[in-house]
Amino acid sequence: MSETYFLITMAVWNFIVFCIYGYDKFSAIKGYERISEFTLLFLAFAFAGIGALLGMVLCHHKTAKLKFKLLIPIAILWSVFGIGYGYGWIGA
């Protein structure tokens, strides 16, 4: 897979996770069934830390939870390191 296609795929994946965070916020407001915190954090650590952070900030979702304040930045670092190492940008 070329680098361009990979980066497009990662952007789409982060957008999907952003939408999931937005949907969970909408569900919280409307009283619908929620997505578990474990799932939201798992998605962030599945190379979508940027999408999770944007979902938190733009949708004002989970911003008061210390767990999310601490783990989402770690998920972003994990994503950047994992992608960079996989492509040889880091540690080459």
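Residues numbered from 1 in each chain as written. Predicted model: local features only at pLDDT ≥ 70, side-chain atom pairs only at ≥ 80, totals over all residues. Heavy atoms only, no water.

Draft legend 1. Molecular detail of the overall build of the chain. When its secondary structure is counted, the chain shows four helices and zero strands. Traced from its N-terminal end to its C-terminal end, the chain shows the element sequence α-α-α-α. For the C-alpha atoms alone, the extent of the chain along its principal axes is close to 50 × 25 × 20 Å. A total of 92 residues make up the chain; the buried ones form 29% of that total. Restricting the contact set of the chain to residue pairs at least 6 apart, pairs at least 24 apart contribute 66%. (Helix = DSSP H or I, 4+ residues; strand = E, 2+ residues; numbered from the N terminus. Buried < 20%, exposed > 50% of the residue type's maximum accessible area, 1.4 Å probe, protein only. Contact = heavy atoms within 4.5 Å.)

Draft legend 2. Just helix 3 (residues 49-59), in detail. Every buried residue of helix 3 is accounted for by Gly49, Gly51, Ala52, Gly55 and Met56. Looking at the buried positions of helix 3, the neighbouring elements they touch are helix 1 (3-30), helix 2 (37-45) and helix 4 (66-86). Two residues or fewer after helix 3 comes His60, characterised by a positive phi angle close to 55 degrees.

Draft legend 3. Structural view of the packing of aromatic side chains. Under the criterion given, the structure shown has five aromatic pairs. Ring geometry for Phe47 against Trp78: centres 6.1 Å apart, planes inclined by 20 degrees, an arrangement best described as stacked. Residue Phe47 is located in the loop between helix 2 and helix 3, and its partner Trp78 is located in helix 4; the two are separated by 31 residues in the primary sequence. Given the relative accessible area of 45%, Trp78 is considered partly exposed. The interplanar angle of 20 degrees and the centroid separation of 5.8 Å between the aromatic rings of Phe81 and Tyr85 together place this pair among those described as stacked. Placement of both Phe81 and Tyr85 in helix 4 is noted, with a separation of four residues, approximately one turn of the helix. (Phe/Tyr/Trp six-rings, centres within 6.5 Å; stacked < 30°, edge-to-face > 60°.)

Draft legend 4. Highlighting the pattern of salt bridges. According to the stated counting rule, one finds four salt bridges in the structure shown. Here Lys67 and Glu37 are joined by a salt bridge, their closest N and O atoms 2.9 Å apart. In this pair, Lys67 sits in helix 4 while Glu37 sits in helix 2, placing the two residues 30 residues apart along the sequence. In this structure Lys67 comes out as partly exposed when scored by relative accessible area, which is 41%. Take Glu37: its relative accessible area is 18%, and that puts it in the buried class. What you see here is one network of salt bridges that share partners, running through Glu37, Lys62, Lys65 and Lys67. (Salt bridge = Lys/Arg side-chain N within 4 Å of Asp/Glu carboxyl O.)

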